[in-house]
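Okay, here's what each chain looks like letter by letter:
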Amino acid sequence: MRSFYGSHAILTLVLIAVFVTDGIKDAFLVLVLAILEISLSVDNAVVNAGVLKNMEPIWQKRFLTWGMLIAVFGMRLVFPVLVVSFATGLSVHDVILLVINSPEQYAHHLHQAHPMIASLGGMFLLMVGLSFMLDETRDVLWIGAIEKRLQSLGKIDAVNTTISLACLLTIRATVPSEIKATVLIGGIWGIFLYGFVSSLDSLFAVSEDQMSITQTAKRGGLIAFLYLELLDASFTFDGVIGAFAISQEILIITLGLGIGALYVRSLTNYLVKKGVFDQYIYLEHGAHYAILALAMLMLVSIVHEIPEVITGVTGAVLIGLSLWSSNSYKKQQALLVAPESLKQRYPNLHNNS
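Residues numbered from 1 in each chain as written. Predicted model: local features only at pLDDT ≥ 70, side-chain atom pairs only at ≥ 80, totals over all residues. Heavy atoms only, no water.

What follows concerns the packing of aromatic side chains. Counted by the stated rule, this structure contains six aromatic pairs. With centroids separated by 5.5 Å and ring planes inclined at 70°, the aromatic side chains of Trp142 and Tyr289 adopt a geometry described as edge-to-face. In this pair, Trp142 sits in the loop between helix 6 (114–133) and helix 7 (144–153) while Tyr289 sits in helix 14 (residues 283–300), placing the two residues 147 residues apart along the sequence. The same class applies to Trp142 and to Tyr289, which are both buried. Of the aromatic side chains, those joined through ring pairs into one cluster are Trp189, Phe192 and Phe196. Sitting above the plane of the Phe132 ring, Arg138 keeps its charged end 4.4 Å from the centroid. (Phe/Tyr/Trp six-rings, centres within 6.5 Å; stacked < 30°, edge-to-face > 60°. Helix = DSSP H or I, 4+ residues; strand = E, 2+ residues; numbered from the N terminus. Buried < 20%, exposed > 50% of the residue type's maximum accessible area, 1.4 Å probe, protein only. Lys NZ or Arg CZ within 6 Å of the ring centre and 35° of its normal.)

Moving on to the environment of Ile246. Structurally, Ile246 can be placed in the loop between helix 11 (213–243) and helix 12 (250–273). Of the residues examined, Ile246 reaches a relative accessible area of 31% and is grouped as partly exposed. Linking Ile246 and Val32, residues 214 residues apart in sequence, is a C-alpha distance of 8.4 Å. If sequence neighbours within four positions are ignored, Ile246 has contacts with Leu29, Val32, Leu33 and Leu36. (Contact = heavy atoms within 4.5 Å.)

Moving on, we get to the side chain of Arg138. Examined against the element boundaries, Arg138 turns out to sit in the loop between helix 6 and helix 7. At 2.9 Å, the side chain of Arg138 forms a polar contact with the backbone oxygen of Phe132. (Polar contact = N/O pair within 3.5 Å; in protein donor to acceptor, adjacent residues only side chain to side chain.)

Once that is clear, we can look at the pattern of salt bridges. Going through the model one piece at a time under the given rule, you end up with one salt bridge. Of the charged contacts in the structure, one is a salt bridge between Glu147 and Arg138, with a shortest N-O distance of 3.0 Å. Here Glu147 matches Arg138 in class, with each residue buried. (Salt bridge = Lys/Arg side-chain N within 4 Å of Asp/Glu carboxyl O.)

Before going further, it helps to examine the nonpolar core. In terms of nonpolar packing, the biggest core is built from 53 residues, with Val46, Leu125, Val128, Val183, Leu231 and Ile302 touching the most fellow members. Take this core: its biggest share by element is 11 residues, from helix 14. Not counting residues within four places of it along the chain, the set of residues in contact with Leu231 comprises Asn44, Val47, Asn48, Phe124, Leu125 and Val128. Core analysis: the second largest hydrophobic core is formed by 30 residues, Leu11, Leu29, Val95 and Leu110 among them. (Core = buried A, V, L, I, M, F, W, Y, C linked by side-chain atoms within 4.5 Å.)

This part covers unusual backbone geometry. Its identity is not glycine, yet Ala158 carries a phi of approximately 55°, on the positive side. For Ala158, the location among the structural elements is in the loop between helix 7 and helix 8 (159–174).

We now examine the confidence of the model for the protein chain. Residues of the protein chain with pLDDT of at least 70 account for 87%, and the chain-wide mean is 79. Here helix 17 (residues 347–352) stands out as the element of the protein chain with the lowest mean pLDDT, 52, in contrast to helix 8, whose mean of 91 is the highest. Every residue in residues 205–218 scores below 50 in pLDDT, and together they form nine contacts with partners more than four places removed in sequence or on other chains. (pLDDT = per-residue confidence, 0-100.)

If you want it as structure tokens, here you go:
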């Protein structure tokens, strides 16, 4: 539990401070919001760890420190203000005044911006999930019947973007006419941001004799850092909007979601340190299935309201199933190399495998 000591300490201090200044009700709301953020972001932690384990130690540390500040203050406080400003045409200054003086009106504007937010985040996450599923170089398959077919599609040029655009156009055709343009613009931005970050290697490419190994590592670390921050932003959208159903106080929302984000970072750090992906070979698969499910739920939420509990439970179930499958695989592999005496002692294990 060492990876979580810091998160426990900050949670305790924040709850005490809020209890002393605002009472037990607001302290309880901070705790509820933190739990909401954690439940919605378990799959985010797993995917982050999958990317982070291949980064240089210095960039791992930067993501877990600088990235924490960006996650808490940037994505959960500043970014929603920018979204409301863009969606309503109000200046950033006016939106900040709304946050301070009229949080109810700010929450109303943020809810009105939901179609664009859900379209952008949904399309970005869809691209992330499809890029993993369509990767024909993957050797480990969890649900072979599905993933083999998807890998065969991955041989087609730009199939990831084609499928995503087809989903976007389908969603646009089903939404009310007054938000069609908003949904289309948000979705295109989501696809663009994924394509931009994914192509940064090519944009900054130079010949090998002009770049040292250290420079290459730094560049790769920076690109992965930017990718992880965009991924975190996509997972954040629903949590920020849903938080206003629990509280209208910006400070309470920021504290609750910020503590949740801190726990997600601690979980990410734990997964990397313990080499969990080497022990559970299907964990990354489960996380990407959860990402695809979240992407579809976000896109559907443009037309039909989706309770946050469904989003959180869906991701947790998929990741839980991947852990169970990974554990079964480990037992099966252990049995294959076990001595004959052990197989005779545990015949049921042999039969089940």
